[in-house]
Number of protein chains: 2
Amino acid sequence: MSKTDNQLSVFSLGGINEIGKNMYVVQYGDDIIVIDCGSKFPDETLLGIDLIVPDITYLLENSDKVRALIITHGHEDHIGGIPYIRRQLNMPIYATRLTLGLIEGKLREARLLADTKFIEIDSDSSIELGQITSTFFKTNHSIPDCLGVVFHTPEGTVVHTGDFKFDLTPVNNQYPDIHKMAEIGKNGILLLLSESTNAERPGYTPSESLVGKHIEDAFHKAKQKVFIATFASNVHRLQQVVDAAQATNRKLALLGRSMVNVVRIASELGYLTVPDGMLVEAGEVNRMVPDQIAILCTGSQGEPMAALSRLSRSNYRQVEIMRGDTVILSSSPIPGNERNVSRTVDNLFSLGAEVIYGSSSSTGMHVSGHGSQEELKLMLTLMKPKYFIPIHGEFRMLHQHRILAEGVGVDPANIYILNNGDVVDIKNEVATQSRKVYAGNTLVDGLGDVGNIVLRDRKQLAEDGILIVVLLLSKSDGKILSGPDIISRGFVYVRESEDLMDQANILATETINRLQKENVNQWNVLKTNVKEVLGRLFYEKTGRRPVILTILTEI
Amino acid sequence: MSKTDNQLSVFSLGGINEIGKNMYVVQYGDDIIVIDCGSKFPDETLLGIDLIVPDITYLLENSDKVRALIITHGHEDHIGGIPYIRRQLNMPIYATRLTLGLIEGKLREARLLADTKFIEIDSDSSIELGQITSTFFKTNHSIPDCLGVVFHTPEGTVVHTGDFKFDLTPVNNQYPDIHKMAEIGKNGILLLLSESTNAERPGYTPSESLVGKHIEDAFHKAKQKVFIATFASNVHRLQQVVDAAQATNRKLALLGRSMVNVVRIASELGYLTVPDGMLVEAGEVNRMVPDQIAILCTGSQGEPMAALSRLSRSNYRQVEIMRGDTVILSSSPIPGNERNVSRTVDNLFSLGAEVIYGSSSSTGMHVSGHGSQEELKLMLTLMKPKYFIPIHGEFRMLHQHRILAEGVGVDPANIYILNNGDVVDIKNEVATQSRKVYAGNTLVDGLGDVGNIVLRDRKQLAEDGILIVVLLLSKSDGKILSGPDIISRGFVYVRESEDLMDQANILATETINRLQKENVNQWNVLKTNVKEVLGRLFYEKTGRRPVILTILTEI
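Residues numbered from 1 in each chain as written. Chains lettered and ligands numbered in written order. Predicted model: local features only at pLDDT ≥ 70, side-chain atom pairs only at ≥ 80, totals over all residues. Heavy atoms only, no water.

Draft legend 1. View of the sheet that holds strand 1 (residues 8-14) of chain B. All names here are of chain B. Pairing in this open sheet of 8 strands is mixed, and the strands run 7-6-5-3-2-1-20-21 from one edge to the other. What marks the edges here is a single partner per strand, and that holds for strand 7 (118-120) and strand 21 (430-436). The sheet shows a mean angle of 25° between the axes of neighbouring strands, direction not considered. Across 4 bridges, strand 3 (residues 31-35) lies against strand 5 (residues 66-70) in parallel orientation. Bridging across to strand 5, Ile 33 finds its partner in Ala 68. (Pairing = 2+ DSSP bridges. Helix = DSSP H or I, 4+ residues; strand = E, 2+ residues; numbered from the N terminus. Axes fitted to C-alpha atoms, helices over the stretch in contact; angles between N-to-C directions.)

Structural data, given as structure tokens:
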């Protein structure tokens, strides 16, 4: 990177044209501040991949300049990459108390806690690092303790909103700092990065506090046990469930590891108030009077191994859903999870449960944590940015956000729809966007990353399986000493395909014998020929094209 | 099956607890009528599977009793299984003109047309087959020429609704036969099978004719080319696109094989009216004045190989989407297709197109073909069934439909939520549900079916790949003559994992040598031991568990 002195550069290493793995970079001269370090879950095409995190090649190459990792809030798409990235680069982590609590939990599990430097901040903090001073403002969202970040640089002010909505009747007094935002934007700012999750959604996102009333009503109506599933990290929602349990004289059991963890951390840090004696162990649920117990559990996205999904399959050791129990899904499916959620609801109905699900306003069991179009316009209006980069969303969301920004008066020429790695440079208040830094996905499988070659192989294997042909050849005359032995995995069931296997055997033998007579004995040629004749045979007989692997041994 | 004489039996071989592969059976004594023969697409867990069709073991075992295959309408989930099933069982096919036209197209492609018997019917037909007489009534839906079926049996009347909505202002005069339905249900019927697709949706599904106005408005507003994607089979929608093109003086090009096919068949059979000279070839599009051309294409579900998706990637040979062109998705994503649709919309925005998408009433570019709760209640009210089986839907839809039926007065004890294969027997007007016939999925991959063992293997391969260990042993003393050679596919990239491969090599060698010293030479024991030590090594070093295949050859 050349001539970064005296210029401001802003880009993302993750979070643009995707939902997940957020990581943004603000650089002025030799000072780099990183914002967020998220992960995302792979879609079904990334076979066997556990997690995707940002590729931080750029940060590694400039590690001497990296001053801080600032985390806006404690959701997985903002903190989930920390354990993996921490192994590559040890950045001091700045975050609010709850966010730090959640990060520490992750690093403890990964045994990386010891050497990590944590700095607790709040919305009144001011951090001077090199030539960049960072200040903060409170936003509200579906987890407490969220921050927007203001970067004061010699070039001008940059604002990163974090995730936000404008909930004016929030739970637990998590009000947004509207006056502070107005103050920041009073004279306009240089550059705004604002999140775009709900840019397609007209209007205003309803307040979290509306959900509490609906939950309490459902608790009142329920004649037996009530199960309620939601994101563990939505501490506001957890508080409302606790309140509903209290109002209806129900004890509360927690199912699911992350639910137990978050309730513990949030209670210890003072973000969640649970009355003494309300919590009971999972093992006690079946012994209690059904209308005196509620169960708060994970699995609102239908994740197959989470509590709700296992309950719906009657596969949870200590707790059972009985005919007439009430089950509330206090969530809406994240795109890609629709089928898992539907399957869970189907199973719950089959158990005879009363199921309350779906995000229709008639059920009212969920509201989004992200602001809709009117709120995005409010943020743009408060900040009055000269330049605008919509972030945190897929392209169509970024484009809808662009249209909103144009509507409130941002110059269309000053709006940048970027890809991850596209750099906006600003010097003397003039922005240019002409260069890129490396940005990509790190595909985590198990303990390490997996490259594209391995993934391509997995796709081929998944599609039509593999067929292995083993042959022992004589070193002296090239004749077959043993084999061909043919082994199938994922192609055909050999016991039901003996004819086909016999034909393949004969064909492979004939091919080797023919080539041997022609004095062809280069292994590559032999292998290619066997592969070709068998490939043709299989496609003709089955319409499939397995991976064919010919293994030759010589003696 | 015992004692089926003098009793009525009804069950599904597909279509219950799923959307797709519909197949229902009505049997009285020795007479079997089959209704519909659909297919469905596999979800992402069914690796490499092309299509799922019903398992018709029951019909094959009772092939002498099968009198007819009646098709209610021409959608894939009702006709898509016909080519595959036809190879197993040749049933005479009864359907309306358009439906037959679509089926014939399929069978022609599969080269099965010659020996298939087709009987064209309409809503006035009456078919007497053994002791069952079938009559029909018109319904409307998102394809013309749909039927509901009435089975008059000695035991009483059974009605199968087919797919339906009550569209009182339909396109092309495809009115539902409400008076006929009222006549059928005047004195109540014995058993109703009614579709449940939209049983979760409150209210009334809007009329198809509303969409036409919105399409025409968008055509008027568009300053350049207009692309519109919809299901080819929705002939009503196609007609409205044709009408909008005519009203705005645009020529029309068709992209996508099924679009071209359906327009041809529907025009020939009189279901679609296209003005002379309106259609132009795809190759002419780029040469035309942009505001004088519209393009009607496939790909409204974001299918990666369909026209719209290829256009969105600038990967369609003859036609290009330019900045400022308008693209309309006249559809809503079928569950499971959300991501593909989103990706397509993202790409279209990136091309600079104005994209009109989403099923919000504000765009109004799509309405469902299935009746909502009020329409399902209307059907139940018209038919006054003694017994009711909600069909054509996943469990939660069937349960919502059950609740609707209870609401309009059907006795809760007389409503059956079934699984595929669960039989409802009715004798002397008393229903019992205690037995099952075999029902299942046939997983079609290429030309044949694929069983669960093959599929399980594919899943293992897809998850962590395969590792093959090849060893040549001496027959005389069990010593290693050659190898171990270790080959990886989809596990690690060997060039980047030489250390690990070396360790595996040493470990396998040591294991074989150790066992050989202990005089252990059963192949199973050798293989198991190598698999175990390598499995442990790999899991420790990589966190993954590949399939490990040890291949021993002896000489």
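Draft legend 2. View of the relation of the copies chain B and chain A. The transformation that overlays chain B on chain A combines an axial shift of 0.2 Å with a rotation of 180°, and the residual RMSD is 0.3 Å. Expressed as a symmetry operation, the mapping of one chain copy onto the other fits a two-fold axis. Distance from the rotation axis, computed per C-alpha, reaches its smallest value in chain B at Ala 462 of chain B: 2.5 Å. Of the interface residues in chain B, 98% have counterparts in chain A that sit at the interface too, so the contact is made through matching surfaces. (Least-squares fit on C-alpha atoms with pLDDT ≥ 70 in both. Contact = heavy atoms within 4.5 Å.)

Draft legend 3. Local environment of the sheet that holds strand 16 (residues 293-297) of chain A. Residues and elements named next belong to chain A. Taking strand neighbours across the sheet as the criterion, the 6 strands line up as 15-14-16-13-17-18 in an open arrangement whose pairing is parallel. The open sheet has two edge strands, strand 15 (279-280) and strand 18 (354-356), and neither has a second partner. Here 2 bridges tie strand 14 (residues 251-255) to strand 15, and the two strands are oriented parallel to one another. Its bridge partner being in strand 15, Leu 252 is matched across the sheet by Leu 279. Strands in contact with helix 6 (residues 209-221) are strand 13 (226-229), strand 16, strand 17 (326-329) and strand 18; relative to strand 13, the strand with the most contacts, it is inclined by about 155°. This element, helix 8 (residues 257-268), spans strand 14, strand 15 and strand 16 of the sheet and lies at about 120° to strand 14.

Draft legend 4. Region of the structure containing the nonpolar core. One finds Leu 59, Ile 82, Phe 219 and Leu 252 of chain B to be the most contacted residues of the largest nonpolar core, which totals 63 residues. Element by element, the count of residues in this core is highest for helix 7 (residues 235-247) of chain B, at 6 residues. Those residues within four positions of Phe 219 of chain B in sequence are excluded, and the remaining contacts are Val 226, Ile 228, Val 241, Ala 244, Ala 245, Thr 248, Arg 250, Ala 294 and Ile 328 of chain B. Core analysis: the second largest hydrophobic core is formed by 62 residues, Phe 11, Ile 228, Met 259 and Val 437 of chain A among them. (Core = buried A, V, L, I, M, F, W, Y, C linked by side-chain atoms within 4.5 Å. Buried < 20%, exposed > 50% of the residue type's maximum accessible area, 1.4 Å probe, protein only.)

Draft legend 5. Main features of the interface of chain B and chain A. Across the boundary between the two partners, chain B contributes 59 residues, which contact 58 residues of chain A. With both chains or domains summed, chain B and chain A bury close to 5,000 Å², and 59% of this area falls on carbon and sulfur atoms. Among the residues of chain B in contact with chain A, Arg 339, Phe 349 and Arg 396 of chain B are the three that bury the most area, contributing 12% of the side total. The interface formed by chain B and chain A contains 2 salt bridges. Asp 346 of chain B is paired through a salt bridge with Arg 396 of chain A; the nearest N and O atoms lie 3.0 Å apart. Our count for the contact surface shared by chain B and chain A stands at 14 residue pairs in polar contact (both at pLDDT 80 or more). Mapped by element, the contributors of at least two residues to the side of chain B that touches chain A are helix 10 (338-350), helix 12 (395-407), strand 23 (448-449), helix 13 (452-464), strand 24 (466-473), strand 25 (480-489), helix 15 (523-542) and strand 26 (547-554) of chain B. A class-by-class count of the residues in the side of chain B that touches chain A yields 25 nonpolar, 15 polar and 19 charged. (Buried area = accessible area lost by both parts, 1.4 Å probe. Salt bridge = Lys/Arg side-chain N within 4 Å of Asp/Glu carboxyl O. Polar contact = N/O pair within 3.5 Å; in protein donor to acceptor, adjacent residues only side chain to side chain. Nonpolar A, V, L, I, M, F, W, Y, C, P; charged D, E, K, R; others polar.)

Draft legend 6. Expanded view of the packing of helix 4 (residues 97-109) of chain A against helix 8 of chain A. Residue and element names in this part refer to chain A. It is at 10 Å that the axes of helix 4 and helix 8 come closest, and there the two elements cross at 130°. The orientation of helix 4 with respect to helix 8, classified from their angle, is oblique. When the axes of helix 4 and helix 8 are compared, the crossing they make is right-handed. Contacts between helix 4 and helix 8 involve Leu 98, Gly 101, Leu 102 and Glu 109 from the first element and Arg 257, Val 262, Ile 265 and Ala 266 from the second. Looking at side-chain class alone, the contact of helix 4 with helix 8 contains 5 nonpolar, 1 polar and 2 charged residues. (Parallel < 35°, antiparallel > 145°, perpendicular 65-115°, else oblique. Left-handed = near helix turned anticlockwise from the far one by under 90°.)

Draft legend 7. Structural detail: the side chain of Arg 237 of chain A. Residues and elements named next belong to chain A. Looking at where Arg 237 falls in the secondary structure, it is placed in helix 7 (residues 235-247). Accessibility expressed as a relative area gives 0% for Arg 237, which makes it buried. Separated by 3.4 Å, the side chain of Arg 237 and the backbone oxygen of Val 367 make a polar contact. Apart from the residues within four sequence positions on either side, Arg 237 is in contact with Glu 208, Val 211, Ile 215, Thr 230, Ser 330, Met 365, His 366 and Val 367.

Draft legend 8. Region of the structure containing the packing of aromatic side chains. Per the stated rule, a full pass over the model turns up 10 aromatic pairs over all chains. Seen from their ring centres, Phe 164 of chain B and Phe 166 of chain B are 5.7 Å apart, and the 75° between their planes marks the pair as edge-to-face. For Phe 164 of chain B, a relative accessible area of 1% puts it in the buried group. When the centroid spacing of 6.1 Å and the interplanar angle of 85° are considered together, the rings of Phe 349 of chain B and Tyr 357 of chain B count as edge-to-face. When the ring centre of Tyr 539 of chain A is taken as reference, the NZ or CZ atom of Arg 545 of chain A above it lies at 3.8 Å. (Phe/Tyr/Trp six-rings, centres within 6.5 Å; stacked < 30°, edge-to-face > 60°. Lys NZ or Arg CZ within 6 Å of the ring centre and 35° of its normal.)

Draft legend 9. Representation of the packing of helix 14 (residues 498-517) of chain B against helix 15 of chain B. Residue and element names in this part refer to chain B. Closest axis-to-axis distance for the helix 14/helix 15 pair is 10 Å, and the angle between their directions is 150°. The angle between the axes of helix 14 and helix 15 places the two elements in the roughly antiparallel class. Two packed elements cross with a definite hand, and for helix 14 against helix 15 that hand is right-handed. Residues Leu 500, Met 501, Gln 503, Ala 504, Leu 507, Ala 508, Thr 511, Ile 512, Arg 514 and Leu 515 of helix 14 pack against Val 525, Leu 526, Asn 529, Val 530, Val 533, Leu 534, Leu 537, Phe 538, Lys 541 and Thr 542 of helix 15. Taken together, the residues of the contact of helix 14 with helix 15 break down into 14 nonpolar, 4 polar and 2 charged.

Draft legend 10. Broad picture of the pairing of strand 3 (residues 31-35) of chain A. Residue and element names in this part refer to chain A. Of all 5 residues making up strand 3, 5 are buried, and the element is well covered by its neighbours. Burial along strand 3 is two-sided: the residues Asp 31, Ile 33 and Ile 35 and Ile 32 and Val 34 are all buried. The antiparallel pairing of strand 2 (residues 23-28) with strand 3 creates a hairpin that spans 2 residues between the two strands, and Gly 29 there sits at a positive phi of about 55°.

Draft legend 11. Main features of the UniProt feature "binding site: substrate" (unreviewed entry) in chain A. Residue and element names in this part refer to chain A. Those places that UniProt annotates as "binding site: substrate" (unreviewed entry) correspond, in this numbering, to His 366, Val 367, Ser 368, Gly 369 and His 370. As for its placement among the helices and strands, Val 367 is situated in the loop between strand 18 and helix 11 (373-383). Filtering out sequence-adjacent residues up to four positions away, Val 367 remains in contact with Lys 165, Pro 206, Ser 207, Glu 208, Val 211 and Arg 237. Tracing the backbone through its elements, the reader meets Ser 368 in the loop between strand 18 and helix 11. Overall, Ser 368 belongs to the buried group, its relative accessible area being 13%. Among all residues touching Ser 368, those that are not within four sequence positions of it are Lys 165, Asn 198, Arg 201 and Thr 205. (UniProt positions renumbered as here; feature names shortened; annotations may be inferred.)

Draft legend 12. Spotlight on the pattern of salt bridges. Tallied over the full model, the rule gives 44 salt bridges over all chains. Linking Glu 76 of chain A and Lys 106 of chain A is a salt bridge whose minimum nitrogen-to-oxygen distance equals 3.0 Å. Of this pair, Glu 76 of chain A sits in helix 2 (residues 76-79) while Lys 106 of chain A sits in helix 4, placing them 30 residues apart in sequence. You can call Lys 106 of chain A partly exposed: its relative accessible area is 22%. In this structure, Glu 200 of chain B and Arg 396 of chain B form a salt bridge, with 3.4 Å as the shortest nitrogen-oxygen distance. Remark: Arg 396 of chain B occurs in helix 12 and Glu 200 of chain B occurs in the loop between strand 12 (189-195) and helix 6 (208-221); sequence separation between them is 196 residues. Under the relative-accessibility criterion, Arg 396 of chain B is labelled buried at 7%. Ionic contacts of the salt-bridge type, sharing partners, join the residues Glu 200, Glu 394 and Arg 396 of chain A together with Asp 346 of chain B into one network.

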